[in-house]
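A look at the structure
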Amino acid sequence: MKKISLQRPCPVCNSFKGELLLQKKGLYFDDCILPLAREIVSCSECEFVFCHAEYTLENLSAFYAQYYTYSHSLFRAQKPTWNLYVDRKRPVVESILAHASKDKLNKDMIICDVGSGNGELLSEYLRVGCNKLYGVEPSALENESHDSVSYNLVESDIYEFSLTEKADIITCTHVMEHLLTITNAVQNMRENLDENGLLYIEVPNAEKTDDQIFPVQTCIIEHINLFTPYQLCTLLENNGFSVIEVITCQPDFIPFHLLGVIARKSKEPSGVKIENNFDPQDIPRNATSISYGIDLKIGEFIDSERPVYIWGMTVVMAALWENSGLSKCNVVNVIDKSESKQGKTIGGILVCDPSVLENASPDTAVIVGTLTQADSVVEELKKMNYPGKIVRELF
Ligand SMILES: [Zn+2]
């Protein structure tokens, strides 16, 4: 592996020495504030795997302020996505509560979700009778709480937040993979936990792969840190936690496996040996396997001149586009109903509203780029008597 000196130090141990695993050109909206091109590197000191590019607190904050809005985001989107997410979280919440202190009833438990979005996860705690709830979100985000969820919103970030009372449980899902620095975030969450309090962290799993699924998180522009079970557990054990349970699962609405770890605040590490199954070469291997399956579905369009439209553009779809045979197709337009995306370009291709398909010829094809909204996209295509080929369930 090629040794390089790093401009972005390791987010876990601050080392400036790394090894290059993979280079990506990157594909997303052309006006994106974050650098698209990046290197995936492994820290020479602690083996943590992360993305290397010119990331700063400024460009990351500006990126999230621009894209993490109600109309723009994958997770903070419409109700179907919300429901899918909450259903998935039900067993996780049960598992966390089962490990929590037995002397407290659910209603007395102080629970804080860091990166609480619109209160998706907190709504599940509320459903099982917990009502001392805090959600931490930076004010830069749009906090459009759904009516049904009531909690104390703490407008702060993961590094700075400070609760007025120590929490029994802190959860932090789909945040750590986005952070510029990690160790200080873990330490601040520990600071806000009561003695013996529980921390649950959930991230995409960089280790898990199989033929059914594309480990696309290695290529998503906003996932700048990659975690394996070994790396996440080691991070927690080195920062005053003892690992209790490792949960892995595969949601059916996003194309990657998830990794969750429940850990208890403790003065001593648990001493539990966590197996390191991670081979740094898995990352380049995973990245090249993304194309598998997608190319089977769009094979007839690859290298042909058939005009293709991609309906629905998210960070996941952009990564699939860049890393599959789709990049060889004749994509004429991207279609998205979100007005905030229309008029932008992605790889030089214009994002339009669905009316661009009026009078489309039968020789064209539409690739449905969203799983959660696929039914409504297909219904809309039928309503407009779209005569071309429709490809859905791309992954
Ligand atoms: Zn390191």
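Predicted, not measured: the structure shown is a model, and the values here were computed from it. (Residues numbered from 1 in each chain as written. Predicted model: local features only at pLDDT ≥ 70, side-chain atom pairs only at ≥ 80, totals over all residues.)

What about the overall build of the protein chain?
Keep this limit in mind: Elements are defined by DSSP. Helices are runs of H or I of four residues or more, strands are runs of E of two residues or more, and each kind is numbered from the N terminus. Whether two residues are in contact is decided by their C-beta atoms, placed from the backbone, lying within 7 Å.
Looking only at helices and strands, the protein chain has 9 helices and 18 strands in total. When contacts within the protein chain are restricted to residue pairs at least 6 apart in sequence, those whose partners lie at least 24 apart make up 68%.

Thoughts on the sheet that holds strand β9 (residues 193-204)
Strand pairing in a sheet is mediated by backbone hydrogen bonds. Such pairs are either parallel or antiparallel. Heads up, the condition is: Two strands are counted as paired when DSSP detects at least two bridges linking them. In this description, a line fitted to the C-alpha atoms serves as the axis of each element, helices being fitted only across the stretch in contact, and the angle between N-to-C directions of two axes falls anywhere from 0 to 180 degrees.
Spatially, β7-β6-β5-β8-β9-β12-β11 is the arrangement adopted by the 7 strands of the open sheet, whose pairing is mixed. At either end of the open sheet lies a strand with only one pairing partner, and these are β7 (152-155) and β11 (241-249). Strand-to-strand, the axes of this sheet are offset by a mean angle of 20°, without reference to chain direction. Against the sheet, helix α3 (residues 120-127) touches β5 (110-114), β6 (132-137) and β8 (167-173), its axis set at about 180° to β6. In this fold helix α4 (residues 183-191) packs onto β5, β8, β9 and β12 (258-265), with an angle of close to 145° to the strand it touches most, β9.

Details of the environment of Glu-195
For Glu-195, the location among the structural elements is in strand β9. Along the chain, Glu-195 and Ser-266 lie 71 residues apart, while their C-alpha atoms are 7.4 Å from each other.

Focus on the pairing of strand β17 (residues 365-368)
Residues in a regular strand point their side chains to alternate faces of the sheet. We apply this condition: To assign burial, the other C-beta atoms lying within 10 Å of each residue's own C-beta are counted, with C-beta atoms placed from the backbone; 20 or more indicates buried, 12 or fewer indicates exposed, and intermediate counts indicate partly exposed. Viewed with both strands pointing away, a crossover whose connecting path from the first strand over the helix to the second turns clockwise is right-handed.
Burial along β17 is two-sided: Ala-365 and Ile-367 and Val-366 and Val-368, pointing in opposite directions, are all buried. Bridge count between β17 and strand β18 (residues 389-391): 3 bridges; the pairing is parallel. The residue bridging Val-366 from the neighbouring strand is Ile-390, located in β18. Handedness of the crossover is the feature at issue here: the chain leaves β17, passes through helix α9 (residues 374-383), returns alongside β18, and the resulting connection is right-handed.

Some thoughts on helix α5 (residues 229-237)
Taken residue by residue, α5 has Pro-229, Gln-231, Leu-232, Cys-233, Leu-235 and Leu-236 as its buried positions. Those residues of α5 that are buried are in contact with α4, β9, β11 and β12.

A closer look at the confidence of the model for the protein chain
Put simply, the test is: Per-residue confidence from the predictor is reported as pLDDT, which spans 0 to 100.
Averaged over the protein chain, the pLDDT score is 87; the fraction of residues at 70 or greater is 90%. Of the regions scoring below 50 in pLDDT, residues 70-77 engages in 20 contacts with residues more than four places distant in sequence or in other chains.

Notes on unusual backbone geometry
Positive phi is not limited to glycine here, since Asn-196 has a value of about 65°. Phi at Asp-303 takes a positive value of approximately 65°, unusual for a residue other than glycine. With respect to the helices and strands, the residue Asp-303 is situated in the loop between α7 (294-298) and β13 (307-311). Given 11 C-beta atoms within 10 Å, Asp-303 falls into the exposed group.

Structural notes on the sheet that holds β18
If you walk across this open sheet you meet the 6 strands as β15-β16-β14-β13-β17-β18, and the pairing is mixed. Each of the sheet's edge strands pairs with one partner strand only, and the pair in question is β15 (345-346) and β18. Pairing of strand β14 (residues 330-335) with strand β16 (residues 349-352) involves 2 bridges; the strand directions are parallel. Counted as the bridge partner of Ile-335 is Cys-352 from β16. Most of the contacts of α9 go to β17, to which it runs at about 160°, and overall it touches β13, β17 and β18.

Focus on α3
Among the 8 residues in α3, 6 count as buried, and that is most of the element. Buried within α3 are the following residues: Glu-120, Leu-121, Leu-122, Ser-123, Glu-124 and Tyr-125. Gly-129 lies just past α3 and shows a positive phi near 95°.

Some remarks on the environment of Glu-191
Here Glu-191 lies in helix α4. As a C-alpha pair, Glu-191 and Phe-161 span 30 residues in sequence and 9.8 Å in three-dimensional space.

Considering the environment of Gly-348
Among the structural elements, Gly-348 can be located in the loop between β15 and β16. According to the C-beta neighbour criterion, Gly-348 is exposed, with 6 such atoms within 10 Å. In the structure, Gly-348 is positioned 15 residues away from Asn-333 in sequence and 9.6 Å away in space, judged by C-alpha atoms.

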